[in-house]
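What follows is the residue order along each chain.
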Amino acid sequence: MDRAYTAVAYSTTSGRIIYEVPLAEPPSWSARINDPGTWEITVPLGREQTLREAREWCVRWRFSIAIMYGDTVCQAGPIINFVPNENDRTLKVTGGGMWALFNQRLLHHHQWNPALNRITHSSADL
């Protein structure tokens, strides 16, 4: 079995895969305990269709990227930033692990009052 890096774009809320992302070079990623982790991919923009496709899936926070090595997911999480490079016709896309999303959104009981109790208080539990 040939094991190589691949990447897919998926909906952050549903997890539905929407696009298999071509890679111009091997991705970089990090994952550690108690750390959101990061990832970075470089996508070739060789033809106009690829640029149009990239505009569909490259939306911050709405879509996420999963980097896989063979059948193992190395890192997955929301798109945080992207920067096109016109010189070599590539798109550099960066993001974080799922904890990056959890650190941006706070899920708590609707009656919890942050002025009275910390988020760790039982009144914030769902």
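One can find the structure itself at the top, above this paragraph.
What counts and how
- By convention here, each chain's residues receive numbers from 1 onward along its written sequence.
- The model is predicted, so local features are restricted to residues of pLDDT at least 70 and side-chain atom pairs to those at 80 or more, both for listing and for counting; the totals for chains, interfaces and linings are taken over all residues.
- Side-chain calculation: all heavy atoms of the structure are included, whereas hydrogens and water are not.
- Comment: elements are numbered from the N terminus, with helices defined as DSSP H or I runs of at least four residues and strands as E runs of at least two.
- Only C-alpha atoms enter the radius of gyration; for comparison, a globular chain is expected to reach 2.2 Å times N to the power 0.38, where N is the number of residues.
- Classification of residues uses two cut-offs on accessible area relative to the type maximum, computed with a 1.4 Å probe and protein chains only: under 20% is buried, over 50% is exposed, and between them is partly exposed.
- For this analysis, a nonpolar core means a set of buried residues of the types Ala, Val, Leu, Ile, Met, Phe, Trp, Tyr and Cys, connected via side-chain atoms within 4.5 Å.
- Note on contacts: a residue pair is in contact if any heavy atoms of the two residues lie within 4.5 Å.
- Any two strands are treated as partners once DSSP identifies two or more bridges connecting them.

The number of helices and strands found in the protein is two helices and seven strands. In the protein, the order of α-helices and β-strands from amino to carboxyl end is β-β-β-β-α-β-β-β-α. For 126 residues, the compact-globule formula gives about 14 Å, and the C-alpha radius of gyration of the protein, at 17 Å, lies well above that figure. Each of the three principal axes of the protein carries a C-alpha extent, and together these read 55 × 30 × 25 Å. Within the protein, buried positions represent 34% of all 126 residues.

The biggest cluster of nonpolar side chains holds 18 residues, and the ones touching the most others in it are Val21, Ile41, Trp57, Ile65, Ile79 and Val93. Contributing elements (two or more residues each) for this core: strand E1 (5-11), strand E2 (17-21), strand E4 (38-44), helix H1 (48-57), strand E5 (63-69) and strand E7 (90-96). Every residue in contact with Ile41, bar those within four places of it in the chain, is listed here: Val21, Leu23, Pro27, Ile65, Ile67, Leu91, Lys92 and Val93. Within the second largest apolar cluster, five residues are counted, among which are Val8, Tyr10, Ala66 and Ala76.

The next thing to look at is the pairing of E2. Strand residues, when the strand is regular, have side chains that alternate between the two faces of the sheet. Where E1 and E2 come together, four bridges link them in antiparallel fashion. By the bridge assignment for E2, Val8 is matched with Glu20. In this structure, the hairpin formed by E1 and E2 is closed by a connection of five residues, where Gly15 is found at a positive phi of approximately 80°.

Of note, the phi angle at Trp61 is positive, near 65°, even though the residue is not glycine. Locating Trp61 in the fold gives a position in the loop between H1 and E5. With a phi angle near 50°, Arg89 is a residue other than glycine that sits in the positive phi range. You can see Arg89 is positioned in the loop between strand E6 (72-85) and E7.

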